[in-house]
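Residue-level structure breakdown
One-letter residues, chain by chain:
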Amino acid sequence: MNARNTLCTFAPLSAGTFAPLSAGTFAPLSAGTFAPLSARLALLMLILAGLITACAPPLLTPAGPGPTITPATRQGGSLTVAVAADVDGLDPHKTVAAATFQITRNLYDTLVQVDPQSRIQPDLATSWETWDDGLKWTFHLRDDVFFHNGRKMTAADVKYSFERILNPETASPRAKDYQIISAIETPDDHTVVFTLARPQAAFLSNLAYGWTAIVPQEAADTLRDHPVGSGPFQFVEWVPDSHVKLRRFDRYFVPNVPYLDEVTFRVISDPAARLISLKTGEVDVVPEVPAQEIAGLRDEPGLQVIQQPFNGIQLLAINNARPPFDDLRVRQALNHAIDKQAVIEGAQWGIGVPIGSHMPPISDFYVDLTARYPYDPEKAKALLAEAGYPDGFETTIALPQPYDFHIRNGEVIADQLAKVGIKARLETIEWATYLEQVYFGRNYELTTLGHTGRLDPDPFLNRYVSDSKENYMNYHNPHYDELVREGAVSTDPARRRQIYAEMQRILADDAVAVYLLAPLSSVGLREEVQGWQLYPIDIYDLRTVWRGGQ
Amino acid sequence: MKAQSSKLKAQTFDRRGSPPKVKRPRLIAEGFQPGRKHSAFRIPHSALQGASPLLVWGVVIVLAMSAVALLGYCAAPHDPTAMDIASRLRPPDAAHPLGTDQYGRDILSRVMGGAGIALSVGAVAVGIGLGGGVVIGAVAGFYGGLLGEVLMRLMDALFAFPAILLAIAVVGALGPGHVNAMLAIGVVNVPIFARLTRASVLAVREEGYVEAARSVGGTDWHILWRHILPNGLAPLLVQASVSFATAILSEASLSYLGLGTQPPLPSWGRMLEEARLFMDRGPWLAIFPGLAIGLTVLGFNFLGDGLRDHLDPHRR
């Protein structure tokens, strides 16, 4: 399958096909951005992108056999996208800023890419194979790829790019994810062979993230301000705190793509101002619409909302080491006492789907455990009585400020817990302090938080390993630890599926947390904007977007 | 007006004489009966007679808000924290005269509950400021010397911070919550009262009657308490009233920032913050707590200004 076909596979469907799902409805394929990320948090986001989610990547869209594509009618026009935060430079190897990677997909390509259904697809590499028990990976490259400076891309550029990521002088914040690469060879101009130090199940999907972009060596020193890649758009200008402007790259390797002539990413940090700009037509797309605004946006003439499940979850984390929560019955009582649908309704305005374990339904590895703890306050009271708390107890829920969606989850949960006799005091804690005291300090009883998924389930589930720094729930289970170790190196897809299913079941059985919901991503667009896709990683991909009739 | 004032004065200083038969506005304060007990801090019973409309309105609003706060504790129409998602964001109607918020909570009950929190924060914060400030200011003014210098330079350092910034710093150290907010705002108020007290003490420290009191063997404590501080009472009262208004505003600001009153307790500032998200669909979410803050702050400012005019001997 070549890349052109690939693109067609997830080519935009007509607007009608994407019609917004009604609140609470769950489209099985897909996800998107959630919650507004306030600009003042951009810095923290840099530090934590990918670890904790409070911010969010966009995901997918239903793909499938679309109507016949007639690219010629889609050509032309410009588009303005409102983004929450400014980029942190445009050198993909030197940042972890989500705001940068949201944009760089349009400037750079990677060896492989992920489609809206979370499947790995060819990009610069047309095909690949792994051999020698997963220690060797061979990638066959396209031979029709040009950089924006006009030079043809070869295997040497791939080798250079990965060496640049791994070079300590580059100080790439993602370098540690690729330390496993022990050698890179280029037998010819269209072939790259990676040798790994040990097998790694997530290796292929790790090549789909924007931070492994392939860059030309001659432009490497100035990528931050003058990015040069092989992507569908080339750089025009970056005016800090104002906008990034791109224009169509005519030699992009997919014919007739992209459709748009020009794209502007305008920085508007205030969520309310973003929506107003959309309503007034000043911008065409707002990729992250807060849950409480969606109903209003749908009623607005001339606008549409696309909504997809987000690759992430929200939960009520429990400090498993702290009494009374060290008692399984108390944790189970919490699970029975919380009505997840009511939390979704009350705190998330119906925008979300209930979950039963630490995995969003959009994941390939998802196991439906939502029936494990049905809402049953009587059972919760019985379990509490059995554990020695017939009259309930008092506790505190730590809420991360200023993430209003987590705070709202906490408020609704406190209201529900009161009904089984658990008196939960709420304490909002400013994010930096929260990270220090709650997340890394583990000094809390209950807290509401979210986690963003990666493409591979391992980074998502390995936080529960006994000695993980991110095991803020203080969960200890040697059997679970063993499963994590096995899952990370296993190259047998069937076995991995088994392992991750069992891990989800263990987390649910041990009631390690109350797994609340998987949020939906919502994108607000002008009616005439077509083809916007949501992906399981945080990118705004403009290749598939065009302007329809007004 | 002048004639009335002079009569007032006469009445003030001649308690045994019969009250002058003069037409004067009827005041709430008229319920005050002249006390028999001789206390240095007793306000003469007629202190509020002839009060300006400003003062009258201040007293009326403050008393009304206090009544609302009391009712909020014992007679709120609904539980201010009870959620009812089905009736969220309802505009004002018979069941919910001020509408409901994003969780279907009754805004009237929350505004009433917020009054209790606002007034208690104001009272405790002013209490702390007054208590700490008067002690420090009196000591610094009365004894002077190195101790006084050190104390007042400390106060200057505190005073140099913008009030809300200092309050945020204190709450940051203590952790969020309305009790800590009270403490923080109280700390902010200490230097204000300390300066005021010290100035009053300095002004009369060398007066003849102080010397007289000392010459008959009056202790420092006695002289301070009975002879010096009563002279500074009027500006302290005025400042207390103004500080009360500021404290309410500060609590609202802290709560707006998430550092003050914690959910689900109703706080006007927090209600405003939450209302921000729903301004277009539920303006009543913001209007009523906003009005409550405005009215209360106005009331205390009226009270302060009115008191200042009223207690100022030069304006009689």
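Residues numbered from 1 in each chain as written. Chains lettered and ligands numbered in written order. Predicted model: local features only at pLDDT ≥ 70, side-chain atom pairs only at ≥ 80, totals over all residues. Heavy atoms only, no water.

**A look at the overall build of chain A**
Across its full length, chain A holds 15 helices and 20 strands. The buried share among the 550 residues of chain A stands at 63%. At a minimum sequence separation of 6, the contacts of chain A that also span at least 24 residues come to 74%. (Helix = DSSP H or I, 4+ residues; strand = E, 2+ residues; numbered from the N terminus. Buried < 20%, exposed > 50% of the residue type's maximum accessible area, 1.4 Å probe, protein only. Contact = heavy atoms within 4.5 Å.)

**Here we look at the side chain of Gln-113 of chain A**
Residues and elements named next belong to chain A. Position of Gln-113 among the secondary structure elements: in strand β2 (residues 112-114). Residue class for Gln-113 comes out buried when judged on its relative accessible area of 5%. A polar atom in the side chain of Gln-113 sits 2.9 Å from the backbone oxygen of Pro-122. (Polar contact = N/O pair within 3.5 Å; in protein donor to acceptor, adjacent residues only side chain to side chain.)

**Some points on the sheet that holds strand β7 (residues 191-196) of chain A**
Residue and element names in this part refer to chain A. With antiparallel pairing, the 4 strands of this open sheet are ordered in space as β4-β5-β7-β6. The open sheet is flanked by β4 (125-131) and β6 (181-188), the only strands paired with a single partner. Each strand of the sheet is rotated relative to its neighbour by a mean of 20 degrees, with strand direction disregarded. In this structure, β4 lies alongside strand β5 (residues 136-141), joined through 6 bridges in antiparallel fashion. Bridging across to β5, Glu-129 finds its partner in Thr-138. (Pairing = 2+ DSSP bridges. Axes fitted to C-alpha atoms, helices over the stretch in contact; angles between N-to-C directions.)

**Regarding the environment of Leu-79 of chain A**
Residues and elements named next belong to chain A. Tracing the sequence through the fold places Leu-79 in strand β1 (residues 78-83). For the pair Leu-79 and Leu-260, spaced 181 residues apart in sequence, the C-alpha separation works out to 7.3 Å. Once residues within four sequence positions are removed from consideration, Leu-79 is found in contact with Leu-260, Glu-262, Val-263, Thr-264, Asp-284, Val-285, Val-529, Leu-542, Val-545 and Arg-547.

**Some thoughts on the nonpolar core**
Counting 76 residues, the largest nonpolar core has Leu-111, Phe-139, Phe-162, Phe-194, Phe-265, Trp-532 and Leu-542 of chain A as its most contacted members. Sort the elements by how many residues they give to this core and helix α4 (residues 155-166) of chain A lands first, with 5 residues. One finds Val-59, Ala-115, Ile-248 and Ala-286 of chain B within the second-largest nonpolar core, a separate group that totals 61 residues. (Core = buried A, V, L, I, M, F, W, Y, C linked by side-chain atoms within 4.5 Å.)

**Describing the pairing of strand β12 (residues 303-309) of chain A**
All names here are of chain A. Buried residues dominate β12, accounting for 7 of its 7 residues. Of the two faces of β12, the one lined by Leu-303, Val-305, Gln-307 and Pro-309 and the one lined by Gln-304, Ile-306 and Gln-308 are each fully buried. Two strands pair when backbone bridges link them, and β12 and strand β18 (residues 513-526) are joined in this way by 7 bridges, in the antiparallel orientation. Following the sheet pairing, Gln-308 is matched in β18 by Ser-521.

**Examining the packing of helix α14 (residues 478-489) of chain A against helix α15 (residues 493-509) of chain A**
Residues and elements named next belong to chain A. For the pair α14 and α15, the least separation of the axes is 10 Å and the interaxial angle reads 155 degrees. Regarding the angle of α14 to α15, the classification is roughly antiparallel. Considering only the axes of α14 and α15, their crossing is left-handed. The residues of α15 that touch α14, namely those facing His-479, Tyr-480, Leu-483, Val-484, Glu-486, Gly-487 and Ala-488, are Arg-495, Arg-496, Ile-499, Tyr-500, Glu-502, Met-503, Ile-506 and Leu-507. (Parallel < 35°, antiparallel > 145°, perpendicular 65-115°, else oblique. Left-handed = near helix turned anticlockwise from the far one by under 90°.)

**A few points about the environment of Ser-241 of chain B**
Residues and elements named next belong to chain B. As for its position among the elements, Ser-241 is in helix α9 (residues 233-256). Sequence separation between Ser-241 and Ala-123 is 118 residues, and the spatial gap between their C-alpha atoms is 9.9 Å. If we skip the residues at most four places from it in the chain, Ser-241 touches Phe-300, Leu-303 and Gly-304.

**Structural notes on the side chain of His-96 of chain B**
Residue and element names in this part refer to chain B. In this structure, His-96 sits in the loop between α2 (53-74) and α3 (107-143). For His-96, a relative accessible area of 10% gives the class buried. When residues no more than four places from it in sequence are discounted, the contact partners of His-96 are His-78, Pro-91 and Asp-106.

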